[in-house]
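One letter stands for each residue in the lines below.
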Amino acid sequence: CCLKEWHIDLGGSTNLICPTCKQQYVGDVAEELARLHLSQTRSKNVDLYEHAHVKLLEECWALDQLGHVVFGLGKYDESLELFKASLSHKIFVLGGERVNVANSFEDIGSVYRMRGQYELALEYKKKALKIRIRFLGPNHSDTMTSYNNIGLVLQNMGKNSDSMPYFKVAIASYEQECPNGSTSMACTLNNLAGSLRCQGDFVEAETLYRRSLAMRIRILGTEHPAVAESLNNLALVMMDIGNLEQAKELSSQCMTLVKKLFDDHQPVYLNYLGNYGMVLLATGTNEEECRDLIMRALEGLRENKFPDTHVWNQKFRKLLGDGHQLSPNDSTDGFCHPKQNFSRAGKVPRTLSLSYKGMLGLVSNIECIKA
């Protein structure tokens with residue numbers, strides 16, 4: 001944000017990249033610019049346009065831009081309103097069966113997924129896939145993104161065997177299109193590993209996590225949110241296998257990185273913080289300190305209006321066990337339960353509640369999102 005004010009004066013807020021250093025604006029600066037862009041677009045005189053619908057479509061672009069920015073900041077209620085407003089304009093101008101409409105379906109589904117409303121998320125993701133197959137074809141990159149994201153929703157719902165075919169279709173296409181790997185392939189490899197881990201196949205999950213991590217570092221560098229995600233997930237599968245020292249080292253590396261990338265109130269930071277507490281607890285670190293980390297994560301997610309049905313909230317509430325008052329309506333839906341004997345996980349410390357074993361399969365995977 002070195003020349004933010006100059007950038008605004010030039011009217012360049014439509015592009016969230018600094019014109020000098022070429023770095024992408026993030027966080028509050030990106031939000032400020034995106035809000036300015038939407039305000040400028042709405043204030044334009046419709047007479048400047050040859051057709052009124054052109055202004056509406058330009059406003060859709062600004063709505064989507066701001067929606068993506070606030071979504072990244074964990075402001076899911078606002079992002080849902082923005083995406084739905086954009087969808088309404090697109091349907092009015094273009095009709096219901098268009099690629100741009102599919103993009104809005106995808107965005108809305110992503111918000112519902114993060115809010116733990118998985119049935120609605122699945123409904124919108126499938127609408128997007130249907131349109132993309134029709135207009136873009138079965139092998140287009142956006143179609144593969146839909147396959148990945150549907151698989152991820154199914155995984156969040158605990159339907160891991162159902163999720164795997166979606167991931168595998170996407171990976172097969174990515175391997176054919178780009179044999180040396182891509183960010184999208186790395187994302188889907190990571191998510192397939194999550195489903196394998198949920199089913200207790202820790203060895204294959206580790207292999208895919210390491211493959212995804214190596215691909216991400218090669219393409220994105222060492223300081224990228226996707227790298228943090230891979231470190232987090234690899235730490236968790238190391239904990240499953242019983243390699244607790246390596247789990248602790250990887251989780252520590254993840255936290256060092258996310259402290260550089262995210263504010264401490266953002267949901268993704270809080271999820272990693274709680275997972276770090278979980279790994280430390282498994283290694284026998286001071287129980288009170290570990291439970292404090294997990295509690296901070298849970299309380300932060302609730303402050304961000306995450307429902308108790310969300311997989312992250314469920315995970316941390318279960319980990320706190322008897323030390324945290326659970327409501328009568330607690331549900332374990334959405335948990336990933338490994339089917340095999342947990343003796344493979346090795347040293348499960350007694351300080352953990354019995355419900356800890358149900359946590360071993362929980363993952364922190366992300367969607368493939370078109371940049």
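Each value, and the rule that gives it
- Residues numbered from 1 in each chain as written.
- Predicted model: local features only at pLDDT ≥ 70, side-chain atom pairs only at ≥ 80, totals over all residues.
- Heavy atoms only, no water.
- Helix = DSSP H or I, 4+ residues; strand = E, 2+ residues; numbered from the N terminus.
- Buried < 20%, exposed > 50% of the residue type's maximum accessible area, 1.4 Å probe, protein only.
- Areas by Shrake-Rupley, 256 points an atom, 1.4 Å probe, with all protein chains shown as cover.
- Axes fitted to C-alpha atoms, helices over the stretch in contact; angles between N-to-C directions.
- Parallel < 35°, antiparallel > 145°, perpendicular 65-115°, else oblique.
- Left-handed = near helix turned anticlockwise from the far one by under 90°.
- Contact = heavy atoms within 4.5 Å.
- Nonpolar A, V, L, I, M, F, W, Y, C, P; charged D, E, K, R; others polar.
- Phe/Tyr/Trp six-rings, centres within 6.5 Å; stacked < 30°, edge-to-face > 60°.
- Lys NZ or Arg CZ within 6 Å of the ring centre and 35° of its normal.
- Core = buried A, V, L, I, M, F, W, Y, C linked by side-chain atoms within 4.5 Å.
- Salt bridge = Lys/Arg side-chain N within 4 Å of Asp/Glu carboxyl O.
- Patch = residues over 30% accessible without salt bridge, like charges linked within 9 Å, V, L, I, M, F, W, Y side chains within 5 Å.
- Lys, Arg positive; Asp, Glu negative; His and termini not counted.
- Charge placed at Lys NZ, Arg CZ, Asp CG, Glu CD.
- Expected span 1.5 Å × (residues − 1).
- Polar contact = N/O pair within 3.5 Å; in protein donor to acceptor, adjacent residues only side chain to side chain.
- pLDDT = per-residue confidence, 0-100.

## Section: the overall build of the chain
In step 1: When you go through the chain residue by residue, the secondary structure sums to 15 helices and 0 strands.
In step 2: Counting the 371 residues in the chain, one finds 52% classified as buried.
In step 3: Of the roughly 16,800 Å² of accessible surface on the chain, a fraction of 51% belongs to carbon and sulfur atoms.

## As for the packing of helix H9 (residues 183-198) against helix H10 (residues 202-220)
In step 1: Contact geometry of H9 with H10 gives a least axis separation of 8 Å together with a crossing angle of 160 degrees. When the axes of H9 and H10 are compared, the pair comes out roughly antiparallel. Crossing hand, H9 versus H10: left-handed. Between H9 and H10, the contacting residues are Thr183, Met185, Ala186, Cys187, Leu189, Asn190, Leu192, Ala193, Gly194, Leu196 and Arg197 on the first element and Phe202, Glu204, Ala205, Leu208, Tyr209, Arg211, Ser212, Met215, Arg216, Ile219 and Leu220 on the second.
In step 2: Here the contact of H9 with H10 is built from residues that sort into 14 nonpolar, 4 polar and 4 charged.

## Topic: the packing of aromatic side chains
In step 1: One pass over the full model with this rule turns up 6 aromatic pairs.
In step 2: Note on Tyr147 and Tyr166: the rings are 6.0 Å apart at their centroids and 40 degrees apart in plane angle, and the pair reads as tilted. Taken as a pair, Tyr147 in helix H7 (residues 141-156) and Tyr166 in helix H8 (residues 160-177) lie far apart in primary sequence, 19 residues in all.
In step 3: Since its relative accessible area comes to 22%, Tyr166 is described here as partly exposed.
In step 4: Members of the aromatic cluster, connected to one another through ring pairs, are Phe71, Tyr76, Phe306 and Trp312.
In step 5: Here the basic side chain of Lys127 rests over the ring of Tyr124, its NZ or CZ set 4.8 Å away from the ring centre.

## Topic: the nonpolar core
In step 1: Met239 and Val258 are the most contacted members of the largest nonpolar core, which totals 81 residues.
In step 2: Excluding anything up to four places from it in sequence, Val258 contacts Ala228, Tyr269 and Tyr272.
In step 3: Core analysis: the next-biggest nonpolar cluster, separate from the first, contains 10 residues, Ala30, Leu38, Leu66 and Val70 among them.

## Quick word on the pattern of salt bridges
If charged atoms from side chains of opposite charge come close, those side chains can pair.
In step 1: Counted under the stated rule, the structure contains 15 salt bridges.
In step 2: Between Asp77 and Arg115 there is a salt bridge, with the nearest N and O atoms lying 2.8 Å from each other. On the criterion of sequence distance, the pair formed by Asp77 in helix H4 (residues 76-94) and Arg115 in the loop between helix H5 (99-114) and helix H6 (118-136) is long-range, its members being 38 residues apart.
In step 3: On the accessibility criterion, Asp77 (35% relative accessible area) is partly exposed.
In step 4: Residue Arg115 is classed as buried on the basis of its relative accessible area, which comes to 19%.
In step 5: Glu106 is the salt-bridge partner of Lys125, the closest N and O atoms lying 2.5 Å from each other. Of this pair, Lys125 sits in helix H6 while Glu106 sits in helix H5, placing them 19 residues apart in sequence.
In step 6: A network of salt bridges, in which partner residues are shared, links Glu31, Arg35, Lys75 and Glu78.

## Focus on a negative patch on the surface
In step 1: Together, Glu287, Glu288, Glu289, Asp292, Glu299 and Glu303 line one region of the surface with negative charge.
In step 2: Checked against the element boundaries, Glu303 lands in helix H14 (residues 287-303).

## Quick notes on H10
Three- or four-residue spacings in an α-helix give side chains the same orientation, since the helix completes a turn every 3.6 residues.
In step 1: For H10, which comprises 19 residues, the first-to-last C-alpha distance of 26 Å matches the rise-based estimate of 27 Å (1.5 Å per residue) to within 8%.
In step 2: Considered for burial, the residues of H10 that qualify are Phe202, Ala205, Glu206, Leu208, Tyr209, Ser212, Leu213, Met215 and Arg216.
In step 3: Downstream of H10 by one or two residues, Gly221 has phi in the positive range, about 90 degrees.

## Describing the environment of Thr283
In step 1: Within the secondary structure, Thr283 sits in the loop between helix H13 (267-282) and H14.
In step 2: In sequence terms Thr283 and Glu245 are 38 residues apart; their C-alpha atoms lie 7.3 Å from each other.
In step 3: Setting aside chain neighbours within four positions, we find Thr283 in contact with Leu244 and Lys248.
In step 4: Here the side chain of Thr283 touches Thr285 through a polar contact of 3.0 Å, side chain to side chain.

## Comments concerning the environment of Arg197
In step 1: Structurally, Arg197 can be placed in helix H9.
In step 2: Along the sequence, Arg197 and Asn160 sit 37 residues apart, while their C-alpha atoms lie 9.4 Å from each other.

## Notes on the confidence of the model for the chain
In step 1: For the chain, the average pLDDT comes to 81, and 78% of its residues sit at 70 or higher.
In step 2: Per-element confidence in the chain is highest for H6, whose mean pLDDT is 97, and lowest for helix H1 (residues 4-9), whose mean pLDDT is 48.
In step 3: Of the regions scoring below 50 in pLDDT, residues 6-13 engages in 17 contacts with residues more than four places distant in sequence or in other chains.

## A word on the environment of Val99
In step 1: In this fold, Val99 is placed in helix H5.
In step 2: The spatial distance from the C-alpha of Val99 to the C-alpha of Asp142 is 9.7 Å, given a sequence separation of 43 residues.
In step 3: Beyond its immediate chain neighbours, meaning those up to four positions away, Val99 contacts Ile131, Phe135 and Leu136.

## As for the side chain of Glu106
In step 1: By relative accessible area, which is 6% here, Glu106 ends up buried.
In step 2: In terms of polar contacts, Glu106 uses its side chain to reach the side chain of Asn149, at 2.8 Å.
In step 3: Look past the residues within four positions of Glu106 in its chain and what remains in contact with it is Lys125, Ala128, Arg132, Ser146 and Asn149.

## Focus on H5
In step 1: The end-to-end C-alpha distance of H5 is 23 Å, a good match for the 22 Å that 16 residues give at a rise of 1.5 Å each.
In step 2: Burial analysis of H5 places 13 of its 16 residues in the buried class, the great majority of the element.

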